[in-house]
Amino acid sequence: MSREQGAPPLPEALTVEVADSHTHVDMQADSMEETLAKAASVGVTTLIQVGCDVAGSRWAAEAAAAHERVHAAVALHPNEAPRIVLGDPDGWSRQGERPAGGDAALDEALGQIEELAALPHVLGVGETGLDHFRTGPEGMAAQERSFRAHIELAKRHDKALVIHDREAHADVLRILREEGAPDRTVFHCFSGDAEMAETCARHGYYMSFAGNVTFKNAHPLREALRAAPRELLLVETDAPFLTPAPYRGRPNAPYLIPVTVRAMAEIRDEPTEALAKALATNTAESFGYQPPVRH
């Protein structure tokens, strides 16, 4: 399906209020107000708005300050750190073309993230981590230095750590082991297999599943979902990316969370309502907020 087909229709509402544990409303077509209204109409009443650079993190913090049911996570994305240090001549990121800034520029950006992370309505530090898919060997040192700094920041401010792990499972786990993971650590858009899920479970790491669990080629991911304990599961959109089947290729948004929740329940062979209740509880516990009171 192509993006030209436009936004997917509203799914049937969930009977339990749930949260989208990872979204990027600043990259979506609808305003925050429109996004919240559509999501709430199908039972998605809380959003975690996630920053990927200084500007996006500032936007997330401002959105959380303005909306009671929006919480923010702030960070430099793993692919952002090498662009700051080494430059971005192609202007691939939303920042446009940038010269190399070296370690001093990375330190300055991390300082701005720390100021945001100290705010009370910012509940997470992320998305941070490692990405061996987009960043080549020349950028690994910057990625790793940034990741370690974010881990320390999350621990110092007692915030959830939100991890981006793309084709870097062993190194992410190694660095968490070396630095000592925060009390609340979330693997966003979990991409490992059942063995990885079991490893995360032993350490008490939360695993957040996105719409790609519905993709035809995602058998190892579905095995991971079956292996993960219910008390460590979250659900997310990562919108506007990773739209669940049957809408893959069309714009994703928080209102599509029910599609993924129902798919997760089917994969795990458990009632949708029971899973949704657990997802709502787990998201509130992992990010440290009080879940909405159902009226």
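About the cut-offs
- Residues numbered from 1 in each chain as written.
- Predicted model: local features only at pLDDT ≥ 70, side-chain atom pairs only at ≥ 80, totals over all residues.
- Heavy atoms only, no water.
- Pairing = 2+ DSSP bridges.
- Helix = DSSP H or I, 4+ residues; strand = E, 2+ residues; numbered from the N terminus.
- Axes fitted to C-alpha atoms, helices over the stretch in contact; angles between N-to-C directions.
- Contact = heavy atoms within 4.5 Å.
- Salt bridge = Lys/Arg side-chain N within 4 Å of Asp/Glu carboxyl O.
- Buried < 20%, exposed > 50% of the residue type's maximum accessible area, 1.4 Å probe, protein only.
- 1 Å grid on protein atoms, 1.4 Å probe; cavity = no way out; pocket = protein on both sides within 12 Å on 5 of 7 lines; lining within 4 Å.
- Points joined across faces, edges and corners; volume = space filled by probe spheres on them.
- Nonpolar A, V, L, I, M, F, W, Y, C, P; charged D, E, K, R; others polar.
- Parallel < 35°, antiparallel > 145°, perpendicular 65-115°, else oblique.
- Left-handed = near helix turned anticlockwise from the far one by under 90°.
- Arc of directions from axis to C-beta.

Visitor: What exactly am I supposed to notice about the sheet that holds strand β8 (residues 233-235) here?
Guide: Think of a sheet as strands paired side by side through backbone hydrogen bonds, with each pair either parallel or antiparallel. The sheet built from 8 strands is open, its strands ordered β1-β2-β3-β4-β5-β6-β7-β8 with parallel pairing. Of all strands in the sheet, those bounded by a partner on one side alone are β1 (18-23) and β8. The mean inter-strand angle of the sheet, taken between neighbouring strand axes irrespective of direction, is 30°. Along the sheet, helix α5 (residues 140-157) contacts β4 (122-131) and β5 (160-166); its crossing angle with β4, the most-contacted strand, is approximately 155°. In the packing of helix α10 (residues 272-287) onto the sheet, the strands contacted are β1, β2 (44-50), β4, β5, β6 (185-187), β7 (206-209) and β8, and the crossing angle to β8 comes to about 95°.

Visitor: Got a minute to help me understand the pattern of salt bridges in this structure?
Guide: Should the charged atoms of two oppositely charged side chains come close, the side chains can pair. This structure, assessed with the given rule, holds 19 salt bridges. Where glutamate 80 meets arginine 83, a salt bridge forms, and the shortest distance between an N and an O atom there is 3.8 Å. Of this pair, glutamate 80 and arginine 83 both sit in helix α3 (residues 80-86), 3 residues apart, which is roughly one turn of the helix. Residue class for arginine 83 comes out buried when judged on its relative accessible area of 13%. With a closest N to O distance of 2.8 Å, glutamate 144 and arginine 148 form a salt bridge. Taken together, the residues glutamate 144 and arginine 148, both in helix α5 and 4 residues apart, mark about one turn of the helix.

Visitor: Looking at this structure, how should I read the environment of aspartate 171?
Guide: The residue aspartate 171 is located in helix α6 (residues 169-179) in this model. Spatially, the C-alpha atoms of aspartate 171 and glycine 129 are 9.4 Å apart, while their sequence positions differ by 42 residues. Once residues within four sequence positions are removed from consideration, aspartate 171 is found in contact with Leu130 and His132.

Visitor: I'm lost on empty space enclosed by the protein in this one. Help?
Guide: Unoccupied space between atoms shows up once a probe the size of one water molecule is rolled over them. Under the criterion given, the structure shown has 1 cavity of 30 Å³ or more. A volume near 30 Å³ is recorded for the largest cavity. Broken down by class, the residue content of the lining of the largest cavity amounts to 4 nonpolar, 4 polar and 1 charged.

Visitor: Would you explain the environment of glycine 101 in this entry?
Guide: In this fold, glycine 101 is placed in the loop between α3 and α4 (102-117). Residue glycine 101 is classed as partly exposed on the basis of its relative accessible area of 35%. Residues glycine 101 and histidine 219, spaced 118 residues apart in sequence, show a C-alpha to C-alpha distance of 42 Å. With sequence-adjacent residues up to four places away left out, glycine 101 is seen in contact with Ile84 and Val85.

Visitor: What should I look at first to understand the packing of α5 against α6 in this one?
Guide: Two quantities define a packed helix pair, namely the angle between the axes and the distance from one axis to the other. Relative orientation of the contacting elements α5 and α6 amounts to 45°, with a least axis distance of 11 Å. When the axes of α5 and α6 are compared, the pair comes out oblique. In this structure, the crossing between α5 and α6 has a hand that is right-handed. Two secondary-structure elements touch here, α5 through Glu144, Phe147, Arg148, Ile151 and Lys155 and α6 through Val172, Arg174, Ile175, Leu176, Glu178 and Glu179. Partitioned by chemical class, the residues of the contact of α5 with α6 number 5 nonpolar, no polar and 6 charged.

Visitor: Teacher, can you tell me more about α6 here?
Guide: Counting along an α-helix, one turn takes 3.6 residues, and residues three or four places apart therefore face a common direction. Within α6 the residues assigned to the buried category are Val172, Leu173, Ile175 and Leu176. Down the axis of α6, the smallest arc covering the buried residues is 160°, so these residues share one side. Seen from the buried face of α6, the exposed residues on the opposite side, beyond 90 degrees, are Ala170 and Arg177. Tucked into the core, α6 has its buried residues touching β4, α5, β5, β6 and α7 (194-203). Phi turns positive, to about 85°, at glycine 180, one or two residues after α6.

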